[in-house]
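Residues per chain are reported as follows:
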Protein chains: 2
Amino acid sequence: MEKKPENCRVDNALEIIVGKWKPIILLHLLQEGTKRHGELKKNLPDITQKMLTKQLRELEKEDIIERKVYSQIPPKVEYSITDYGRSLEPILDAMHHWGTNHSLRKSQKEAIQNDKIS
Amino acid sequence: MEKKPENCRVDNALEIIVGKWKPIILLHLLQEGTKRHGELKKNLPDITQKMLTKQLRELEKEDIIERKVYSQIPPKVEYSITDYGRSLEPILDAMHHWGTNHSLRKSQKEAIQNDKIS
DNA sequence: CAGTATCCTCCTGGATACTG
DNA sequence: CAGTATCCAGGAGGATACTG
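Residues numbered from 1 in each chain as written. Chains lettered and ligands numbered in written order. Predicted model: local features only at pLDDT ≥ 70, side-chain atom pairs only at ≥ 80, totals over all residues. Heavy atoms only, no water.

Under an unreviewed UniProt entry, the name given to chain A is HxlR family transcriptional regulator, and the organism recorded is Sinobaca qinghaiensis.

It is worth spelling out the protein's contact with DNA strand D at this point. Close to DNA strand D lie 22 residues; K20 and K50 of chain A together with Q49, R67 and Y79 of chain B are nearest. Within 4 Å of the protein, atoms of DNA strand D come from sugar and phosphate in 68% of cases. Within the side chain of W21 of chain A, a nitrogen or oxygen atom sits 3.2 Å from a phosphate oxygen of DNA strand D. Elements that contribute at least two residues to the surface near DNA strand D include exactly α4 (49-61) of chain A together with α3 (37-43), α4 (49-61) and β3 (76-81) of chain B. (Near = heavy atom within 4 Å. Polar contact = N/O pair within 3.5 Å; in protein donor to acceptor, adjacent residues only side chain to side chain. Helix = DSSP H or I, 4+ residues; strand = E, 2+ residues; numbered from the N terminus.)

Before going further, it helps to spend a moment on the packing of aromatic side chains. Applying the stated rule across the entire model yields two aromatic pairs over all chains. A centroid spacing of 5.3 Å and a plane angle of 25 degrees characterise the contact between W98 of chain A and Y84 of chain B, whose relative ring orientation is stacked. Taken together, the residues W98 of chain A in helix α6 (residues 89-117) and Y84 of chain B in helix α5 (residues 83-86) connect one chain to another. Lying over the aromatic face of Y70 of chain B, K76 of chain B brings its terminal NZ or CZ to 4.7 Å of the ring centre. (Phe/Tyr/Trp six-rings, centres within 6.5 Å; stacked < 30°, edge-to-face > 60°. Lys NZ or Arg CZ within 6 Å of the ring centre and 35° of its normal.)

Attention now goes to the environment of K116 of chain B. Residue and element names in this part refer to chain B. Looking at the secondary structure, you find K116 in helix α6 (residues 89-117). For K116, a relative accessible area of 63% corresponds to the exposed category. Along the primary structure K116 and I91 are separated by 25 residues, whereas in three dimensions their C-alpha atoms are 37 Å apart. (Buried < 20%, exposed > 50% of the residue type's maximum accessible area, 1.4 Å probe, protein only.)

Under the UniProt annotation, the feature "domain: HTH hxlR-type" (unreviewed entry) is placed at residues 8-107 of chain A. End C-alpha atoms of residues 8-107 of chain A are separated by 33 Å, and the span's content is 62% helix alongside 14% strand. (UniProt positions renumbered as here; feature names shortened; annotations may be inferred.)

Residues and elements named next belong to chain B. Taken in spatial order, the three strands of this open sheet run β1-β3-β2, and their pairing is antiparallel. At either margin of the open sheet sits one strand with a lone partner, and together these are β1 (35-36) and β2 (65-70). Inspection of the sheet shows β2 paired to β3 by six bridges, in the antiparallel sense. In the sheet register, V69 faces β3, and the bridge partner there is V77. Running over the sheet, helix α2 (residues 22-32) touches β1, β2 and β3 and is turned about 85 degrees from β3. Running at roughly 115 degrees to β2, α4 makes contact with β2 and β3 of the sheet. (Pairing = 2+ DSSP bridges. Contact = heavy atoms within 4.5 Å. Axes fitted to C-alpha atoms, helices over the stretch in contact; angles between N-to-C directions.)

All names here are of chain A. Take K22: it is sitting in helix α2 (residues 22-32). A residue is classified by how much of its surface remains accessible, and K22, at 4% relative accessible area, is buried. One polar contact links K22 to E58, side chain to side chain, over a distance of 2.6 Å. Not counting chain neighbours up to four residues away, the residues in contact with K22 comprise E15, I16, I17, Q55, E58 and L59.

And the structure:
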């Protein structure tokens, strides 16, 4: 695996992960297992149905999640992480770890700023 | 560090890294050390000056890189990774690793498709 | 229940020209 | 050399209404 900048493949991973709701959707499926469309919607109160469907479809197209349709009325659709999708977990963990530390750092900086002012 | 989806901090990290040219800029600075504006431009043939400046400014604002200006004519400006920026390396490595494997996987899939057709 | 179908807004990124 | 200043196109994401 070449590490020279010219051979950068970071964007290949970013393409998959980037999307307003993709990381949080992946965390739900990774940590809580299979979920129905409606359950995800309930856990993501601010997402619209259109966006939820769109993000799920994009993840499905890349084999990150699996979509299982039950032909019944009313319809039932279940989403789950694929093995391949699970391979993203170290990346998501690393980002969550860094992100947690980053927000800490930011609030500390702001505290210092406020001290200076007062 | 809570790992429940509701406490997701992945986006905090994504915000910093996402940007058409940020990952590759970071790799250059991480792996080749301090660089002048013009050197980066030369290594990134397709970037416009406006975009290069914009991406660098955004990284600087987050303390990921440092900008050092030499007051002389003609001007000289050097960019380098900060210690804090270096803390992103595990994330970038993980994404590069995953991304390399992902493009391999994709080309294998395409090969299978072509076999089926012919 | 789990979607489509429209319409709309904003923001990212690019082309191009100019400057201390 | 290392930037600004404009102008512009495309796409991501959202609001809302409808449907098998």
